[in-house]
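Survey of secondary and tertiary structure
Residue strings, one per chain:
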Amino acid sequence: MSNPVFNNSAVFGDPKNQRGGAATQAGPAYGSPPPQGQGPAYGTPPQQGAQWGAYGAQTADAAQLDAMYNAPSATTADTKRLTYDDVIMKTGGLLALLVVVGAGSWMVAPQMPAVWIIGAVVGLVLGLVNSFKRNPSPALIVLYTVAQGLFLGGISRVYETAWNGVVPSAVVATVATFAAALFLFKSGRVRVTPKFMRWLLIAMVGYLVFSLVNVVLVMTGVLGGWGLYSGWGIIASLIGVGLAAASLIVDFDSIKRGVEGGVPAKFAWSAAFGLLVTLIWLYLEFLRLFAILQSSD
């Protein structure tokens, strides 16, 4: 997986890559005779002293059978399994909290720049903690959202002050890219195949190495900026946008496997957190891209 949130999950990952466990072990088909050594052979009459039907349910009358057949089937909500509605509600709630906190950080950023810097550090730590937790923690995910809201509000104010208009453009571009990625995934025009995953993994590793090298060059004074005012910066940002968009499609596929696999409903928090991580990355890439384009005018 590209997103560590889904990559390290035992319920959203590819079943071929999952290890043994209760969640991955399938039981015998309904109506199959008991395995050898675990019960009487199929068709064997009851032992002496045992009532016929002791190994099955008591005989039901016609009215009970009719009621059973006419009863509605149990839904995923009834069985406390993950649904798309769960993911949508959790994701929408986290995004709303992110926007509210970000708006507050935007207002205080000029007077208190340390607020969004602290938010960036805390958000990074909580992001790593949540990514590697086997079971989701709603409290930690909410705290991560608050920290990222502080960071995004402050960094957005810095960008908007230096390059007027880049924040609205980045927001619109992020929403449009999310909608386009969802459409491509739902329509089947883009499929998550092993070849697609290998390509994405190689590209993301290369992009990560490139980013780290340039950060070191900037910190040592070799470069005055991360290609910010050159054509290389535009190319790097476009690659980053493309990788983030591809990661969204992989996230959608992971959530689809989780819903179809009947994972517990609590993992809606993990799915929402994973989508939030990718959307924040995508927004930051667009923010930087539009700043570079405006600087090159």
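Residues numbered from 1 in each chain as written. Predicted model: local features only at pLDDT ≥ 70, side-chain atom pairs only at ≥ 80, totals over all residues. Heavy atoms only, no water.

**Observations regarding the UniProt feature "transmembrane region" (unreviewed entry) in the chain**
UniProt marks residues 87–108, 114–132, 139–159, 165–185, 197–223, 229–250 and 271–293 with the feature "transmembrane region" (unreviewed entry), using the numbering shown here. Annotated as residues 139–159, this span is 100% helix and 0% strand, and its ends, taken at the C-alpha atoms, are 30 Å apart. Secondary structure across residues 271–293 comprises 100% helix and 0% strand; the distance between its end C-alpha atoms is 33 Å. (UniProt positions renumbered as here; feature names shortened; annotations may be inferred. Helix = DSSP H or I, 4+ residues; strand = E, 2+ residues; numbered from the N terminus.)

**What about the environment of Ala96?**
The topology assignment puts Ala96 in helix α3 (residues 84–108). When the C-alpha positions of Ala96 and Thr145 are compared, they lie 9.7 Å apart, and in sequence the two are 49 residues distant.

**Section: the packing of helix α6 (residues 166–187) against helix α9 (residues 268–295)**
Across the interface, α6 lies against α9 with an axial gap of 8 Å and an inter-helix angle of 135 degrees. Taken together, the axis directions place α6 and α9 in an arrangement best described as oblique. For the pair α6 and α9, the sense of crossing is right-handed. Counting all contacts with α6, which are made through Val166, Val167, Ser169, Ala170, Val171, Ala173, Thr174, Thr177 and Phe178, the residues of α9 involved are Leu279, Leu282, Tyr283, Phe286, Leu287, Phe290, Ala291 and Gln294. When its residues are assigned to classes, the contact of α6 with α9 shows 13 nonpolar, four polar and no charged. (Axes fitted to C-alpha atoms, helices over the stretch in contact; angles between N-to-C directions. Parallel < 35°, antiparallel > 145°, perpendicular 65-115°, else oblique. Left-handed = near helix turned anticlockwise from the far one by under 90°. Contact = heavy atoms within 4.5 Å. Nonpolar A, V, L, I, M, F, W, Y, C, P; charged D, E, K, R; others polar.)

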